[in-house]
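The lines below spell out each chain.
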Amino acid sequence: MVEQLSQAEREEALEGLPEWDHQAERDAITRSFTFDDFSQAFAFMTQVALLAEKSDHHPEWSNVWNRVDILLTTHDAGGLSGRDIDMAQAIDALVE
């Protein structure tokens, strides 16, 4: 089973993800991405979907035209885990 991050691990991990916001009530991290148009947003979602399938860790997300909102948490762990941090870092690498 995947372990939830300790408070110290969570704080350290979040320092390395300045674009992500911690959502304490769900112990999740969120980030919004804005693109020039729907096609770019959808292409980004396709890249994220491939990462998610490869790691067997899937985001909660929504798309409205050029915006993609992503929430990461590990349901099996009851909150943030290293899997969420790894996924956030991989997603960030797509847009750098």
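Residues numbered from 1 in each chain as written. Predicted model: local features only at pLDDT ≥ 70, side-chain atom pairs only at ≥ 80, totals over all residues. Heavy atoms only, no water.

Turning next to the packing of aromatic side chains. Under the counting rule described, the total for this entry stands at four aromatic pairs. Measuring from centroid to centroid gives 4.8 Å for Phe33 and Phe44, while their planes differ by 40 degrees, and the two rings are tilted. One end of the pair, Phe33, is in strand β2 (residues 28-34); the other, Phe44, is in helix α2 (residues 38-55), and 11 residues separate them in sequence. Across the pair, exposure class does not vary: Phe33 and Phe44 are buried alike. Relative to Phe42, the ring of Phe38 lies with its centre 5.8 Å away and its plane at 35 degrees, an arrangement referred to as tilted. Placement of the pair is Phe38 and Phe42 together in helix α2, with a separation of four residues, close to one helical turn. (Phe/Tyr/Trp six-rings, centres within 6.5 Å; stacked < 30°, edge-to-face > 60°. Helix = DSSP H or I, 4+ residues; strand = E, 2+ residues; numbered from the N terminus. Buried < 20%, exposed > 50% of the residue type's maximum accessible area, 1.4 Å probe, protein only.)

Let us now look at unusual backbone geometry. Positioned with a positive phi, Asp27 is a non-glycine residue whose angle comes to about 45 degrees. Tracing the chain through its elements places Asp27 in the loop between β1 (21-23) and β2. A residue is classified by how much of its surface remains accessible, and Asp27, at 8% relative accessible area, is buried. Phi angles above zero are rare outside glycine, and Trp65 is one such case at about 45 degrees. For Trp65, the position within the fold is in the loop between β3 (60-64) and β4 (67-72).

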